[in-house]
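# Summary of structural features
Each chain, letter by letter, is given below.
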Amino acid sequence: MIVLEKVNKVYNDTFYAVKDVSLDIEKGEIFGIIGLSGAGKSSLIRLFNGLEEMTSGKIKIEGVNISELSKKDLLNKRKKIGMIFQHFNLLKSRTVKENIGFPLEIDGWKKKDIEKRVEELLLLVELEDKGDFYPCQLSGGQKQRVAIARALANNPKILLSDEATSALDPKTTKSILKLIKDIQKKMDLTVVLITHQMEVIREICDRVAVMSRGEVIESGKTYEIFLNPKSDITKELISYVPLQEEEEIKYIKKPGNKIVKLMFLGAVAGDPILSKAVKNFGLDINVLSGAMDLLSGMVIGHLIVELMGDMEKQNKAITWFQSVDVGVEVIYNGI
Ligand SMILES: Nc1ncnc2c1ncn2[C@@H]1O[C@H](COP(=O)(O)OP(=O)(O)OP(=O)(O)O)[C@@H](O)[C@H]1O
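Residues numbered from 1 in each chain as written. Predicted model: local features only at pLDDT ≥ 70, side-chain atom pairs only at ≥ 80, totals over all residues. Heavy atoms only, no water.

So, about the overall build of the protein chain. Scanning the protein chain from N- to C-terminus turns up 11 helices and 14 strands. Radius of gyration (C-alpha) of the protein chain: 25 Å, far over the 20 Å computed for a compact globule of 335 residues. If you line up the protein chain on its principal axes, its C-alpha atoms span 75 × 50 × 35 Å. Evaluated residue by residue, the protein chain yields a buried proportion of 47% over its 335 residues. Taking the intrachain contacts of the protein chain between residues at least 6 apart in sequence as the baseline, contacts between residues at least 24 apart amount to 69%. For the protein chain, the exposed surface amounts to about 17,800 Å²; the carbon and sulfur share of it is 52%. Computed over 48 positive and 47 negative side-chain charges, the separation of the two mean positions in the protein chain equals 4 Å. (Helix = DSSP H or I, 4+ residues; strand = E, 2+ residues; numbered from the N terminus. Rg over C-alpha atoms; globule rule 2.2 N^0.38 Å. Buried < 20%, exposed > 50% of the residue type's maximum accessible area, 1.4 Å probe, protein only. Contact = heavy atoms within 4.5 Å. Areas by Shrake-Rupley, 256 points an atom, 1.4 Å probe, with all protein chains shown as cover. Lys, Arg positive; Asp, Glu negative; His and termini not counted. Charge placed at Lys NZ, Arg CZ, Asp CG, Glu CD.)

Dropping the structure here:
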């Protein structure tokens, strides 16, 4: 869908903001480009739709080399590439409806058709009741929804996102990422997003490229990069990722198997508690998730486990855990 071959962007004749970048982004995937500040992400993504001209290399979109297009054809191509930004870039003096319909006005659509399309888009981004509001009357998340609707007005095939969630709080970030994912499926979009937050990559990207000093230093499927990061920068970016909120993890509940949270504090965190429980009670124990941390030099942590075996033995194991100072919270009692 989008192929980059040895793309360079040089500023002031000597500074490589983008250096020898080659990527192959497939149709219908959500592709993330991550890097620390100054890595060259914005410079790179702005080349995708010709907002900036590359210094050398080749960018092909659906097989078409964009640097060989005439100005008119490039403009037409750009209509099929929507873009959203960190600071939304809405027109302050226009209502939500007028902002969303703006690209269609420029494209010469009839008033009636614009109104119809805008209504569809308001529904898509769940802002049906905000059409007559002005941007200053909206929250950050709502502003980004308007920007997304505007970016999709022309039915693009590609959506570019330049740090679209960086100015939003974590909860709003999640709702915007969910919206992008839902829309990607509905419209069969190819999404390229740049971010400095690895949690954004974890949340929605199928594949990711890590940039540093203008170069792609590592790329692959998101889970592979998380499981086996190679470069120090990737490791650093992953280290900033907050742990997933427990309540967001959906455990598969199987009747007959209790799910319990075991909480460890201090010395007991170093004991082979699980293997002792397996031996003592003849149970199978399946670890579902967990985390360990250091708090004022003391090891603390918890594990969410599934107990498998005779219910009587499961109850005995719980009593035993408590007797050896492991906190127990039953998440699912197996019935
Ligand atoms: N127009 C320009 N002229 C000269 N140098 C530029 C220009 N635009 C960007 N740069 C430089 O290119 C490098 C990459 O900048 P870019 O904005 O692409 O990085 P980034 O990864 O998007 O960082 P951030 O997340 O902080 O925006 C930086 O060192 C920046 O100073």
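Read on for the rest.
Assigned domains of the protein chain: these are domain 1 (2-239) and domain 2 (256-332). The gap between the C-alpha centroids of domain 1 and domain 2 is 44 Å. (Domains from an automatic or database assignment.)

So, on to helix 9 (residues 232-239). All buried positions along helix 9 are accounted for by Thr 234, Leu 237 and Ile 238. Along the long axis of helix 9, the arc covered by the buried residues comes to 100°, so they all point the same way. Away from its buried face, by an angle of more than 90 degrees, helix 9 presents the exposed residues Asp 232 and Ser 239. For helix 9, the secondary structure elements touched by its buried residues are strand 3 (30-35), helix 7 (198-204), strand 9 (207-212), strand 10 (215-221) and helix 8 (222-227). (Arc of directions from axis to C-beta.)

Membership of the largest hydrophobic core comes to 45 residues, with the highest contact counts inside it found for Ile 100, Ile 148, Leu 152 and Met 198. Ranked by residue count, the leading element in this core is helix 5 (residues 140-152), at six residues. Met 198 has contacts with Ile 34, Ile 225, Phe 226, Thr 234, Leu 237, Ile 238 and Val 241, leaving out every residue within four places of it along the chain. Counting residues in each nonpolar core, the second largest holds 28 residues, with Ile 2, Leu 44, Ile 59 and Ile 81 among its members. (Core = buried A, V, L, I, M, F, W, Y, C linked by side-chain atoms within 4.5 Å.)

At their nearest, the axes of helix 10 (residues 273-281) and helix 11 (residues 311-323) sit 10 Å apart, and the two run at 140° to each other. By the criterion of interaxial angle, the relationship of helix 10 to helix 11 is oblique. The two elements helix 10 and helix 11 cross, and the hand of that crossing is right-handed. Seen from helix 10, the contacting residues are Ile 273, Lys 276, Ala 277, Asn 280 and Phe 281; seen from helix 11, they are Lys 313, Lys 316, Ala 317, Trp 320 and Phe 321. Grouping the constituent residues of the contact of helix 10 with helix 11 by class yields six nonpolar, one polar and three charged. (Axes fitted to C-alpha atoms, helices over the stretch in contact; angles between N-to-C directions. Parallel < 35°, antiparallel > 145°, perpendicular 65-115°, else oblique. Left-handed = near helix turned anticlockwise from the far one by under 90°. Nonpolar A, V, L, I, M, F, W, Y, C, P; charged D, E, K, R; others polar.)

This part takes up the site of the ligand. What surrounds the ligand is the set Tyr 11, Phe 15, Ala 17, Leu 36, Ser 37, Gly 38, Ala 39, Gly 40, Lys 41, Ser 42, Ser 43 and Glu 163. With respect to the ligand, the backbone of Gly 38 contributes an N or O atom lying 2.7 Å from an oxygen atom. Interatomic distance of 2.6 Å between a side-chain N/O atom of Ser 43 and an oxygen atom of the ligand. Coverage of the ligand by the protein amounts to 59% of the 630 Å² it exposes when considered alone. Among the elements of the structure, strand 2 (15-25) and helix 1 (41-48) are those that each provide at least two residues to the shell around the ligand. Looking at which element gives the most residues to the shell around the ligand, the answer is helix 1, with three residues. For the shell around the ligand, a count of residues per class yields five nonpolar, five polar and two charged. (Near = heavy atom within 4 Å. Polar contact = N/O pair within 3.5 Å; in protein donor to acceptor, adjacent residues only side chain to side chain.)

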